[in-house]
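Architecture at a glance
Take a look at the letters that make up each chain.
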Amino acid sequence: MASTKLVKFIGRDVLSENAKLAERLRRLYDEAGVKVYEFLGGPGSGKTSVIERLVERMLRDFKPDEIAYIGGDIATTLDTERIAKYGVRHVQINTGGTCHLEVPHVEAAIKALGGPEALRSLSIMIIENVGNLICPFNFPLGAHLRVMVADVTEGEDKFIKHPLSTRVSDVIVINKIDLAKYIGVDLDKMISDARSLNPRAPIILVSARTGEGIEELYQTLLRLAPPARR
Ligand SMILES: Nc1nc2c(ncn2[C@@H]2O[C@H](COP(=O)(O)OP(=O)(O)O)[C@@H](O)[C@H]2O)c(=O)[nH]1
Ligand SMILES: [Mg+2]
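The present account deals with the structure reproduced in this document. (Residues numbered from 1 in each chain as written. Chains lettered and ligands numbered in written order. Predicted model: local features only at pLDDT ≥ 70, side-chain atom pairs only at ≥ 80, totals over all residues.)

**A closer look at the overall build of the chain**
A count of helical and extended segments in the chain gives 11 helices and 7 strands. In terms of overall dimensions, the chain is globule-like: its C-alpha atoms have a radius of gyration of 17 Å, near the 17 Å expected for 230 residues. Each principal axis of the C-alpha atoms in the chain carries an extent, and together these give about 60 × 50 × 35 Å. The buried share among the 230 residues of the chain stands at 44%. Pairs at least 24 apart in sequence give 74% of the contacts found in the chain among residues at least 6 apart. (Helix = DSSP H or I, 4+ residues; strand = E, 2+ residues; numbered from the N terminus. Rg over C-alpha atoms; globule rule 2.2 N^0.38 Å. Buried ≥ 20, exposed ≤ 12 C-beta atoms within 10 Å, placed from the backbone. Contact = placed C-beta atoms within 7 Å.)

**What about helix H4 (residues 103-113)?**
For H4, every residue scored as buried is listed here: Val-103, His-105, Val-106, Ala-109, Ile-110 and Leu-113. Around the axis of H4, the buried residues are gathered within 155 degrees of arc, so they sit on the same side. Every exposed residue of H4 that faces more than 90 degrees away from the buried side is listed here: Pro-104 and Lys-111. Count one or two residues on from H4 and you reach Gly-114, which has phi positive near 125 degrees. (Arc of directions from axis to C-beta.)

**Points about the sheet that holds strand S5 (residues 145-151)**
The strand order S3-S2-S4-S1-S5-S6-S7 describes an open sheet built from 7 strands, whose pairing is parallel. Pairing within the sheet leaves two strands with one partner each, and these edge strands are strand S3 (89-94) and strand S7 (203-205). Taken pair by pair, the neighbouring strands of this sheet meet at an average axis angle of 20 degrees, ignoring direction. Bridge count for strand S1 (residues 35-40) against strand S4 (residues 124-128) is 5 bridges, and the pairing is parallel. For Val-36, the partnering residue across the bridge sits in S4 and is Met-125. (Pairing = 2+ DSSP bridges. Axes fitted to C-alpha atoms, helices over the stretch in contact; angles between N-to-C directions.)

Written as structure tokens, this is what we have:
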């Protein structure tokens, strides 16, 4: 009994401690004048693919060294290698098994990018969290926008099965809409579930494969959290 209570207490403490640290990170971003977009979602939902298309689009408006990418993963540098080819600043964080990023991971990544001073030359910093539809949503990283990426192959009940994750997101992306017709998913149901759980977040249908919806997503990010142009 006692140990069960103790575990619960530690869990709450870690969360509130992280939330406080996240506020500090937000102040750091704001002092540096960089806007931070965090992408969260299950493994394989297309986070990296959506970010690739977005970075391509951002490079029409921003210089490569005004954009940074932090890739969070349990192992490998594969995602960061995909983003690195666009010439933007990048760093991979391997958590070594933890299913989400925490503030110290991001602080270490910022250090690797050149420290808080280096943030001042950035307009946009993108964080890709570890592929997981639960834990990362409980650990804010101070981002201006938290973008949830779900995809049509995950099952049309994805949002109602993950109500907390859906509620805390600022933008909801439904990716892989090019596949919707093959698997017969009820897109209207996905949209209305997401809408009823989170009436404030824009819901954007996207295909990272065809590029559909990427412009709308990009304009939504710019509208909700406009980056300074250097
Ligand atoms: N058909 C299709 N495949 C996609 C789309 N987006 C991503 N994928 C594929 O889904 C797989 C996982 O994508 P990835 O971006 O690595 O997902 P992540 O784990 O969320 O970062 C890869 O094989 C991608 O090519 C899409 O819009 N349509
Ligand atoms: Mg990825």
